[in-house]
Amino acid sequence: MTVVRFAPSPTGLLHVGNARTAIVNFLFARKTGGKLLLRIDDTDHERSKKEYEDGIIEHLAWLGVTHDLFARQSERAPQHQAAANLLKNIGRLYPCYESQLELDRRRQRQIASGKPPVYDRAALALTAEDRAKLEAEGKHPHWRFKLSQKKVAWKDLIRGEVEIDTAHLSDPVLIREDGRFLYTLPSVVDDVDFGITHIIRGEDHVTNTAVQIELFEALAGTVPAFGHHPLLIGAGGEALSKRLGSLSLKLLREDGIEPMTAVSYLAKTGTSDPITAQPSLDALVAEFDLAKIGRAPAHFDPAELSNLNAKLLHLLPYDAVADRLAAAGVGGEAFWETVKANLTRFSEVTSLWPLVVGPVTPVIEDNNFIAEAAAALPPEPWDETTWNVFTKTVAAASGRKGKELYHPLRLALTGLDHGPELKKLLPLMGRSRALARLKGETA
Ligand code: GLU
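Basis of the calculations
Residues numbered from 1 in each chain as written. Predicted model: local features only at pLDDT ≥ 70, side-chain atom pairs only at ≥ 80, totals over all residues. Heavy atoms only, no water. Helix = DSSP H or I, 4+ residues; strand = E, 2+ residues; numbered from the N terminus. Rg over C-alpha atoms; globule rule 2.2 N^0.38 Å. Buried < 20%, exposed > 50% of the residue type's maximum accessible area, 1.4 Å probe, protein only. Contact = heavy atoms within 4.5 Å. Areas by Shrake-Rupley, 256 points an atom, 1.4 Å probe, with all protein chains shown as cover. Lys, Arg positive; Asp, Glu negative; His and termini not counted. Charge placed at Lys NZ, Arg CZ, Asp CG, Glu CD. Near = heavy atom within 4 Å. Polar contact = N/O pair within 3.5 Å; in protein donor to acceptor, adjacent residues only side chain to side chain. Nonpolar A, V, L, I, M, F, W, Y, C, P; charged D, E, K, R; others polar. Expected span 1.5 Å × (residues − 1). Pairing = 2+ DSSP bridges. Axes fitted to C-alpha atoms, helices over the stretch in contact; angles between N-to-C directions. Core = buried A, V, L, I, M, F, W, Y, C linked by side-chain atoms within 4.5 Å. Salt bridge = Lys/Arg side-chain N within 4 Å of Asp/Glu carboxyl O. Phe/Tyr/Trp six-rings, centres within 6.5 Å; stacked < 30°, edge-to-face > 60°. Lys NZ or Arg CZ within 6 Å of the ring centre and 35° of its normal.

S.K.: For this particular structure, what's the right way to read the overall build of the protein chain?
M.R.: Looking only at helices and strands, one finds 20 helices and 12 strands in the protein chain. In terms of C-alpha radius of gyration, the protein chain reaches 31 Å, well past the compact-globule figure of 22 Å for 443 residues. Considering only C-alpha atoms, the protein chain reaches an extent of 105 × 45 × 35 Å along its principal axes. Out of the 443 residues in the protein chain, the part that is buried amounts to 47%. For the protein chain, contacts bridging at least 24 residues in sequence account for 75% of all contacts bridging at least 6. Here the protein chain displays about 20900 Å² of accessible surface, and carbon together with sulfur accounts for 52% of that area. For the protein chain, the distance from the average site of its 53 positive side-chain charges to the average site of its 57 negative ones is 3 Å.

S.K.: Which parts of the structure should I look at to understand the site of the ligand?
M.R.: Neighbouring residues of the ligand: R5, A7, S9, D41, Y183, S187, R201 and H205. Within the backbone of A7, an N or O atom sits 2.8 Å from a nitrogen atom of the ligand. R201 places a side-chain nitrogen or oxygen 2.7 Å from an oxygen atom of the ligand. Computed on the free molecule, the ligand has an accessible area of 300 Å², of which 83% lies beneath the protein chains in the complex. Residues that form the shell around the ligand fall into these classes: two nonpolar, three polar and three charged.

S.K.: Got a minute to help me understand helix α1 (residues 16–31) in this structure?
M.R.: With 16 residues, α1 extends 22 Å between its outermost C-alpha atoms, agreeing within 8% with the 22 Å of an ideal straight helix rising 1.5 Å per residue. The element α1 is largely enclosed, with a buried count of 13 among its 16 residues. Phi for G33, located one or two positions after α1, is positive at around 65 degrees.

S.K.: In this structure, what is going on with the sheet that holds strand β8 (residues 173–175)? I would like to understand it.
M.R.: Strands pair in a sheet through their backbones, by hydrogen bonds, and they do so in one of two ways: parallel or antiparallel. The strand order across the open sheet built from three strands is β4-β5-β8, with neighbouring strands paired in antiparallel fashion. One side of each edge strand has no neighbouring strand; the edge strands of this open sheet are β4 (93–96) and β8. Strand-to-strand twist across the sheet, computed as the mean angle between neighbouring axes with direction ignored, equals 45 degrees. Taken together, the two bridges between strand β5 (residues 142–145) and β8 define a ladder with antiparallel strand orientation. Counted as the bridge partner of W143 is I175 from β8.

S.K.: Before we go on, may I ask you to explain the environment of I275 in this structure?
M.R.: Of note, I275 is situated in the loop between α9 (259–268) and α10 (281–287). Between the alpha carbons of I275 and L308 there is a distance of 8.3 Å; along the sequence they are 33 residues apart. Those residues in contact with I275, other than ones at most four positions away along the chain, are Y265, K268, T269, E304 and L308.

S.K.: What's the story with helix α7 (residues 206–219) in this structure? I'm lost.
M.R.: Because an α-helix completes one turn every 3.6 residues, residues spaced three or four positions apart along the sequence face the same direction. Here α7 spans 20 Å end to end across 14 residues, near enough to the 20 Å set by a 1.5 Å rise per residue. When you tally the buried positions in α7, you get 10 out of 14 residues, the bulk of the element. Positive phi shows up at G221, right after α7, with a value of about 80 degrees.

S.K.: Please explain the nonpolar core as it appears in this structure.
M.R.: Where a protein is soluble and globular, its nonpolar side chains tend to be buried together. The biggest cluster of nonpolar side chains holds 81 residues, and the ones touching the most others in it are V16, L63, F300, W336, V349 and F390. At nine residues, α1 tops the list of elements feeding residues into this core. With residues near it in sequence (within four places) discarded, W336 still touches L313, L316, P317, Y318, V321, L325, L343, F346 and V349. Of all hydrophobic cores here, the second largest spans 31 residues; its members include V3, L93, I199 and L215.

S.K.: Explanation requested: the pattern of salt bridges in the structure shown.
M.R.: Close approach of charged atoms lets side chains of opposite charge pair. Taken as a whole, this structure holds 32 salt bridges when the rule is applied. Here D191 ties to R39 by a salt bridge, and the two come within 2.8 Å at their closest N and O atoms. Of this pair, D191 sits in helix α6 (residues 184–193) while R39 sits in strand β2 (residues 35–40), and the two are 152 residues apart along the sequence. Given the relative accessible area of 1%, D191 is considered buried. Residue classification places R39 among the buried residues on the basis of a relative accessible area of 0%. Overlapping salt bridges bring together K50, E53, D54, R72 and E75 as one network.

S.K.: It is not clear to me how the packing of aromatic side chains should be interpreted in this structure. Could you clarify?
M.R.: Between two aromatic rings, the relevant description is the distance of the centres plus the angle of the planes. The tally for this structure, following the rule as stated, stands at seven aromatic pairs. Relative to F226, the ring of W154 lies with its centre 6.3 Å away and its plane at 55 degrees, an arrangement referred to as tilted. One end of the pair, W154, is in strand β6 (residues 151–156); the other, F226, is in strand β10 (residues 225–229), with 72 residues separating them in the sequence. The exposure classification of W154 matches that of F226, with both residues buried. What links up through ring pairs into an aromatic cluster is the set W154, F216 and F226. A cation over an aromatic ring shows up here: K88 above the ring of W143, its NZ or CZ 4.0 Å from the ring centre. For the cation-ring pair, R144 lies above Y119, with the distance from its terminal atom to the ring centre recorded as 3.8 Å.

What follows is the structure, given as structure tokens:
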């Protein structure tokens, strides 16, 4: 059984980059018949906010990305503490008393003498007496994890073979001076406790992975599989990070993007599949394969997303939108089938509905021609063949064809210079309304 997790920090709005990680994990869980844990990484008490947690949950639900398990790191402090004690007992977690200023100075000296700025482990040389003295002076330790200083290798599900020499890394601080845990240890403890089998996340975590593999080995003896996907970049290749605030799911939603547009786009960008609109999650599950995720950065282009939204709407059957049409107070299946090809946002149905029920203020540029057309309107009943019959008659009477023929008719019947197909629209508006419009009346 596979168990994956999406582990956002509730320190801001859910943005497209994180949503993509959530979607990839969700699709992987579905594809493998496994489970998805939504884990709120709220160890940073200062920056974590309940409103952000609520927002993340709300926007995942909006996307249709459901989870099977839920956890909050802030509620698991005893487990984190137990793991820290274990690491202390085996000599892998050691107290350090250097101030930030001292560390900065040391780092600068190392850089000046051409050495890598790696923590020198001076604290390991402290005797029990030294420590007692420091504590008596009122100093509180922060705690570092003693890395093995060897090569850590894994077969990344996306990047292939990866090897990181932890001798080139500073022993990471797991517990701050005030006793709070930083992200690294709680993440591993929770991954172990929830039986996470695959950790799929952004490639900004590759270095963390080397450290975390050492922690998994120390705490559990087993290590999950890892996959690191490339991050999203803007259409012009620019980093998205600076603009991520503006690329929140909240904003996409307010902009009228359909959830399946967002999911389709984020599931496909950066993969070997073309980016197409998929009306259901099942279709995306069927096509999902981690092996399709490429090594190059994935693009996120709001213009492409917007186009995809139009394509998705054009695909949607009436059943999929019946409730929303009713809630918007606009017409049924025939109306939907008539207007959907013209939509870029669903909300536009409201402005198209008056084409059927009025009021439309006709635009008439050539009175004689339109009067001729009014006289040629066939009797009801009308259906989708009526437009053809009508325009053939008008063409014969006026000698017009092409744009000369159709454009003035559209302007008169709809007041717009482009819009839904008239052969579908005409029977919906009906003869008396069409006739009134051809006579220049608002109807
Ligand atoms: N809270 C971390 C983040 O949002 C989770 C990283 C991880 O997947 O382990 O970056």
